Amino acid sequence: MKRQLPITPRRYSAFDEHGYAATVDQLVEQTQQLYLADGVPWVVGYSGGKDSTAVLQLVWMALAGLPADQRTKPVHVISTDTLVENPVVASWVTHSLEVLAQEAQRQALPITPHRLTPAVTDTFWVNLIGRGYPAPRPKFRWCTERLKIKPSNSFIRGMVRAHGEAILVLGTRKAESSGRSHRMTALEARRSRDLLSPNNSLPNCLVYSPIENWSNDDVWTFLMQTPNPWGYSNKELLTMYQGASPDGECPLVVDSSTPSCGDSRFGCWTCTLVDKDKSMAAMIQNDDEKEWMLPLLELRDELDVADDRPLRDFRRMNGAVQLFHGKPIPGPYTQESRERWLTRLLEAQAWIQEHGPENVRSLELITLPELEEIRRIWVVEKHEFEDNLPRIYEQTLGRPYPGRRLDEHLPLGPEMVEVLREIAGNDRLHFELVRELLDIEQRHRSRARRAGLFDSLEKALRRGFYDDEEDATARAQRHKAAMERKPLEDAAAPDPIDIADGFVREARTEVPQ
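**Brief notes about the overall build of the chain**
Right, on to step 1. A tally of regular secondary structure across the chain gives 18 helices and eight strands.
Right, on to step 2. Taking all 513 residues of the chain together, the buried fraction comes to 44%.
Right, on to step 3. At a minimum sequence separation of 6, the contacts of the chain that also span at least 24 residues come to 70%.
Right, on to step 4. For the chain, the exposed surface amounts to about 28,400 Å²; the carbon and sulfur share of it is 51%.

Here it is as structure tokens:
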């Protein structure tokens, strides 16, 4: 009988074949050759995490090893701040960019850092609190494109317009996931130049991934054994990852069953695409000095409610009632919900500024330009001319609202709005309908040409003429049934869809007595 020893094969390492030092030297030399091959500018993606730090170190080492007269091609380091990043990570990255810029200038390297942010109309809070978009879900992932992709793509397209081409240097690795490995392998087959893969979404952009075959452990080995060339501490980076691990440890990896410290993930603290924010929870658990982030974790969990139907309108953003299995598909957050989210966000900000450590006393969870855009959306686009945002700000933070005076001619003052609300009682739909009609009339009154007035009035009436959600659902069901019926042969007969929508009433034939 043969006995098998419980030995698990050691993980593959990119350093196995040539050894650590030789492998790093080869990568640095390879990066130098690519840099000198043409005049196409480089754009290095930098998030402050382990992979992007390793790649930026390799690029820095490659440039530092070249003679000064050959370091002529610009290298742009871009970091996208979504404005809802984990505050600890965001502070780390911001300071790293500042140190990086100073050291690059001191060493006469053509490296320029750029901190990118989304346009104010695309930020998380403007869309969630302003427009009422529900917290992101896998089937409605509205945040990634607006917060991360658009800012970086806009910068890269600017490089392409100015230079004709751009080369992206990224820290993507095949070992991150099977899906990532499959995509990277497929792009390798389409390479027109050695080591440079095409980018599907950005024409005239090629991608260089120097650590594509490295594992998590390879990345950490490199970061721990090679000093950071711009003077930032890789050991502090390791400590940050360690603090974001649930058990608070980055273990010595001895076999494939041992988890790597690199499995920690940082992202937006508002992210509801995952079940729990494990990294922030672990930071709070492992470090008493980070308990100030508890209000953020609590607010994030409130956003991630399992059934948010009570918080949302039964109508879609355009006012239509769409059915799924006989029930309306919920639309944006209601006015009450949006005002509550703003209050909760400002409460969290006030608590952190009062009870947090000195370095976060000036932390802003939402910026003034975002508040101004939310206010504009509420008053102008959603016709909520009671203009509640300044009042909510002042009541929550205890200081005057610093925004500009609203340049709008509102149809009713706050007192009259309250009278209208009292008259409507609990009938939210009819209160909103009358308010919107008054606002439309006021906005068209001062115009020389009132084109679009009747269209706006009709849209408002179509959106708000229902008695309640039950009435709207019944009408939507009748409309759907009418759409599925065969056309009537009698051309004089009323359209069944008009009957279902309530625009036409069927004539009742009276029986003579």
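**Examining the side chain of Glu 386**
Right, on to step 1. Within the secondary structure, Glu 386 sits in the loop between helix 12 (368-381) and helix 13 (389-397).
Right, on to step 2. A residue is classified by how much of its surface remains accessible, and Glu 386, at 10% relative accessible area, is buried.
Right, on to step 3. Polar side-chain contacts of Glu 386 include one of 3.1 Å to the side chain of Gln 335.

**What to know about the packing of aromatic side chains**
Right, on to step 1. Tallying each qualifying case throughout the model produces 18 aromatic pairs.
Right, on to step 2. Here the aromatic cluster, defined as three or more aromatic residues joined through ring pairs, consists of Phe 124, Trp 125, Tyr 133, Phe 140, Trp 142 and Trp 269.
Right, on to step 3. Across from the ring centre of Phe 314, 5.2 Å away, lies the NZ or CZ of Arg 315, which sits over that ring.
Right, on to step 4. Against the face of Trp 341 rests Arg 340, its NZ or CZ located 5.1 Å from the ring centre.

**Describing the layout of surface pockets**
Right, on to step 1. Each pocket or cavity is described by its volume, and for the second largest pocket that value is around 900 Å³.
Right, on to step 2. Taken together, 33 residues make up the lining of the second largest pocket; nearest its centre are Pro 87, Val 88, Ala 90, Ser 91 and Trp 292.
Right, on to step 3. Every element with two or more residues in the lining of the second largest pocket is listed here: helix 3 (87-106), helix 8 (234-243) and helix 9 (278-286).
Right, on to step 4. Ranked by residue count, the leading element in the lining of the second largest pocket is helix 3, at six residues.
Right, on to step 5. Residue composition of the lining of the second largest pocket, by class: 16 nonpolar, eight polar and nine charged.

**Quick notes on a nonpolar patch on the surface**
Right, on to step 1. Taken together, Met 416, Val 419 and Ile 423 make up a surface patch of nonpolar side chains, about 300 Å² in accessible area.
Right, on to step 2. Within the secondary structure layout, Met 416 lies in helix 14 (residues 414-424).
Right, on to step 3. Using a relative accessible area of 46% as the deciding quantity, one classes Met 416 as partly exposed.

**A word on the pairing of strand 3 (residues 111-116)**
Every regular strand shows the same layout, with side chains that alternate between the two sheet faces.
Right, on to step 1. Inspection of the sheet shows strand 2 (residues 75-80) paired to strand 3 by six bridges, in the parallel sense. By the bridge assignment, Thr 80 is partnered in strand 3 with Leu 116.
Right, on to step 2. You can see the chain leave strand 2, run along helix 3 and come back into strand 3, and the turn it takes is right-handed.

Parameters and conventions
- Residues numbered from 1 in each chain as written.
- Predicted model: local features only at pLDDT ≥ 70, side-chain atom pairs only at ≥ 80, totals over all residues.
- Heavy atoms only, no water.
- Helix = DSSP H or I, 4+ residues; strand = E, 2+ residues; numbered from the N terminus.
- Buried < 20%, exposed > 50% of the residue type's maximum accessible area, 1.4 Å probe, protein only.
- Contact = heavy atoms within 4.5 Å.
- Areas by Shrake-Rupley, 256 points an atom, 1.4 Å probe, with all protein chains shown as cover.
- Polar contact = N/O pair within 3.5 Å; in protein donor to acceptor, adjacent residues only side chain to side chain.
- Phe/Tyr/Trp six-rings, centres within 6.5 Å; stacked < 30°, edge-to-face > 60°.
- Lys NZ or Arg CZ within 6 Å of the ring centre and 35° of its normal.
- 1 Å grid on protein atoms, 1.4 Å probe; cavity = no way out; pocket = protein on both sides within 12 Å on 5 of 7 lines; lining within 4 Å.
- Points joined across faces, edges and corners; volume = space filled by probe spheres on them.
- Nonpolar A, V, L, I, M, F, W, Y, C, P; charged D, E, K, R; others polar.
- Patch = residues over 30% accessible without salt bridge, like charges linked within 9 Å, V, L, I, M, F, W, Y side chains within 5 Å.
- Salt bridge = Lys/Arg side-chain N within 4 Å of Asp/Glu carboxyl O.
- Pairing = 2+ DSSP bridges.
- Right-handed = clockwise from strand over helix to strand, strands pointing away.

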